[in-house]
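What follows is the residue order along each chain.
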Number of protein chains: 2
Amino acid sequence: MGEGTGLSRSCLADVLGERVALSPAELSALQRLEERQRHVRRGAILLRENESSGELFILRKGLMMSYVLLDDGSRQILRFLFPGDILGISSLVYRESPETLCALSECVVCPFDYATFSELLTEHPRLSALILVFSQIERVALTDRLAALGRTSAKVRVAALLLDLRNRLRSTDKSITDSYPLSLTQEEIGDATGLTAVHVNRMLRQLEEEGLIARNSGRVTLLDERGLARAANYVDRYEGLDLSWLPRAD
Amino acid sequence: MGEGTGLSRSCLADVLGERVALSPAELSALQRLEERQRHVRRGAILLRENESSGELFILRKGLMMSYVLLDDGSRQILRFLFPGDILGISSLVYRESPETLCALSECVVCPFDYATFSELLTEHPRLSALILVFSQIERVALTDRLAALGRTSAKVRVAALLLDLRNRLRSTDKSITDSYPLSLTQEEIGDATGLTAVHVNRMLRQLEEEGLIARNSGRVTLLDERGLARAANYVDRYEGLDLSWLPRAD
DNA sequence: CGTTGAATTGAGTGATGTCAATCGGTGTGG
DNA sequence: CCACACCGATTGACATCACTCAATTCAACG
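Owing to the predicted nature of the structure, the values given are computational and were not obtained by experimental measurement.

Draft legend 1. Region of the structure containing the sheet that holds strand S12 (residues 219-222) of chain B. Residue and element names in this part refer to chain B. Sheet architecture is open: 3 strands sit in the order S10-S12-S11, paired in antiparallel fashion. Of all strands in the sheet, those bounded by a partner on one side alone are strand S10 (179-181) and strand S11 (213-216). Across the sheet, the mean angle from the axis of one strand to that of its neighbour is 20°, orientation sign disregarded. The pairing of S10 with S12 spans 3 bridges and is classified as antiparallel. Paired with proline 181 across the two strands is arginine 219, which belongs to S12.

As structure tokens, this is what we get:
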């Protein structure tokens, strides 16, 4: 992993700035988190389960995932990570990381250490509250997936994943509408949805036959977005927020 | 739901105080959250999905759960709630609550409003960080359940639930060792583990036949705790924390 | 006692997993 | 440029885990 410096803005500030108007002091505190940057090659592991890290990261570019391995060798993908996401808060809290962070594409991350993060929390109460907000969004998104794994069919789970992926990608790249490059193998989709690769294949085919999606050369097109969202009981958890209770900017 | 006042200490402070030594200022801020209290009858709903609340709660006594209903009528229990847990942070963040809060036994909760919470976050950075920590613990516990639903068998999921329940109960009631009252119906266990009540029954029976647990009149006894934990890949997420990075007490 | 909700049990079904083979594309060494 | 190796996608046949439906038992409670 090569390490470098430079670049002006802050990815995290972009994400937070969409929700509230950041003060100059807040902005500069956030920029301090992204002063250094590091490349992570496709497939490379940024942090391994049960190891400790000593630093946090902000994902600046690319797609990553977090997963756990069970002792029978199977894998559960917990979450896909997009630019602006903070990586490794859970490994901050534990002596050993509860999950592995792995790059699905060529990525750029910005590492910063615990002390910097701790200072930020202390000196910028509103940012601290916003980080709590995003931690809750993530928690609720996890509960949606929990309900999907516990109570919905294979087809619905795959549909929900396709929809969610599109929405997350679009929040970085506004040019995406109903079509996007599916940069996951069917095995990865299976490990995220609790299915086998073989069955994921069948479900994709079925969605295609039913006219809900189209596929060619790795691109997915959502043909009936309304139908997909209804079938998948899908809610975009980055919408519908209420931040009126947040403290004043400092 | 009857409303009353009184009572001296703070449940939340008890929980947080196990991890760090709280300052007098922190202690009194936490006590302010539990000034009022309200009884919740067994089966009563404290907050309904898609409704908004205007207040948060601290669970002081009893057992509650949070769940979502899917549109086919099925239910997914997201989490069991124990004394000292903060209820409704996710409904603070959204205009409408993403989940329902419901009492599984006679409960006592302490309501407090958003402004009080917001003040606490602003004026006590270390408490704010600790709340973030507990939010992460909860998130990791959810990922454990996600992995269980996605990648483990019915028997293992039930075993994990039994173990986790015992551990959570013990953190309130130190007299519990290997035996405790299972205050859930088999349908509730099913809704938590993504199974049907019928299949939960069979799995309990199997665990019993294999000598891993014993049951009589609603009590469960863990006979082979080691074996259960190994089979269930169980990790107690309230252990193994690293809080050395926390800011100073104020 | 009757009623009710929960637990238990059996029989049959269906969704998803397993195993194995094939196909297609891509990169690599010769 | 070709042959090979490899990885992922695809497909079929079959196995199995968990669900459904239905009947019965059990315990608590009026």
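Here the narrative resumes.
Draft legend 2. Just the domain arrangement of chain A, in detail. Residue and element names in this part refer to chain A. Segmentation of chain A into domains returns domain 1 (3-124) and domain 2 (153-232). A separation of 26 Å is found between the C-alpha centroids of domain 1 and domain 2. Carbon and sulfur atoms supply 56% of the area buried between domain 1 and domain 2, which totals about 1100 Å² over both sides. Taken as a group, Arg75, Phe80 and Phe82 account for 48% of the area that domain 1 buries against domain 2, more than any other trio of residues on that side. The tally of links from domain 1 across to domain 2 stands at 2 salt bridges. Arginine 75 is the salt-bridge partner of aspartate 191, the closest N and O atoms lying 2.7 Å from each other. Counting the contacts that link domain 1 with domain 2 gives 5 residue pairs in polar contact (both at pLDDT 80 or more). Broken down by class, the residue content of the side of domain 1 that touches domain 2 amounts to 6 nonpolar, 1 polar and 4 charged.

Draft legend 3. Quick peek at the side chain of threonine 152 of chain B. Looking at where threonine 152 of chain B falls in the secondary structure, it is placed in the loop between helix H5 (125-151) and helix H6 (154-172). Judged by its relative accessible area of 17%, threonine 152 of chain B falls in the buried class. At 2.8 Å, the side chain of threonine 152 of chain B and the backbone oxygen of alanine 148 of chain B are in polar contact. Sequence-distant contacts of threonine 152 of chain B, that is, excluding residues within four places in its chain, are made with Leu70 of chain A together with Ala147 and Arg157 of chain B.

Draft legend 4. The protein's contact with DNA strand C, seen in detail. Around DNA strand C, 15 residues are found, and the nearest of them are Ala154 and Arg202 of chain A together with Gln186, Asn201 and Arg205 of chain B. Looking at DNA strand C alone, sugar and phosphate atoms form 72% of those within 4 Å of the protein. Side-chain polar atom of glutamine 186 of chain B to a phosphate oxygen of DNA strand C: 2.6 Å apart, as the coordinates give it. Within the side chain of arginine 205 of chain B, an N or O atom sits 2.3 Å from a phosphate oxygen of DNA strand C. The set of elements that each furnish at least two residues to the surface near DNA strand C consists of helix H8 (197-209) of chain A together with helix H8 (197-209) of chain B. Ranked by the residues each element gives to the surface near DNA strand C, the list is headed by H8 of chain B, at 4 residues. Among the residues making up the surface near DNA strand C, the classes are represented as 4 nonpolar, 7 polar and 4 charged.

Parameters at a glance
- Each chain has its residues counted from 1, running along the sequence as written.
- Going through the entries in the order they are written, you letter the chains from A and number the ligands from 1.
- Only residues with pLDDT of at least 70 get local features here, since the model is predicted, and only at 80 or more are side-chain atom pairs given and counted; chain-wide, interface and lining totals rely on the full set of residues.
- Only hydrogens and water are removed before side-chain values are computed, so all heavy atoms of the structure are retained for them.
- At least two bridges found by DSSP between two strands is the condition for calling them paired.
- Helical segments are the DSSP runs of H or I of at least four residues, strand segments are the runs of E of at least two, and each set is numbered from the N terminus.
- Working convention: axes come from line fits to C-alpha atoms, limited for helices to the stretch in contact. Angles between N-to-C directions cover 0 to 180 degrees.
- Marked domain ranges trace back to an automatic or database domain assignment.
- Summed over both partners, buried area is the accessible surface (1.4 Å probe) that two parts give up on being assembled.
- Counted as salt bridges are all cases of a side-chain nitrogen of Lys or Arg within 4 Å of a carboxyl oxygen of Asp or Glu.
- We call two N or O atoms a polar contact when they sit within 3.5 Å, provided that within protein one can donate a hydrogen and the other can accept it, with sequence-adjacent residues counted only if both atoms are side-chain atoms.
- Gly falls in the polar group here, along with every residue not listed as nonpolar (Ala, Val, Leu, Ile, Met, Phe, Trp, Tyr, Cys, Pro) or charged (Asp, Glu, Lys, Arg).
- Note on exposure labels: buried denotes an accessible area under 20% of the residue type's maximum, exposed denotes more than 50%, and partly exposed covers the range between, all computed with a 1.4 Å probe on protein chains only.
- When checking whether two residues touch, look at their non-hydrogen atoms; a contact exists if any pair is within 4.5 Å.
- The criterion for a residue being near a molecule or strand is simple. One of its heavy atoms has to lie within 4 Å of it.

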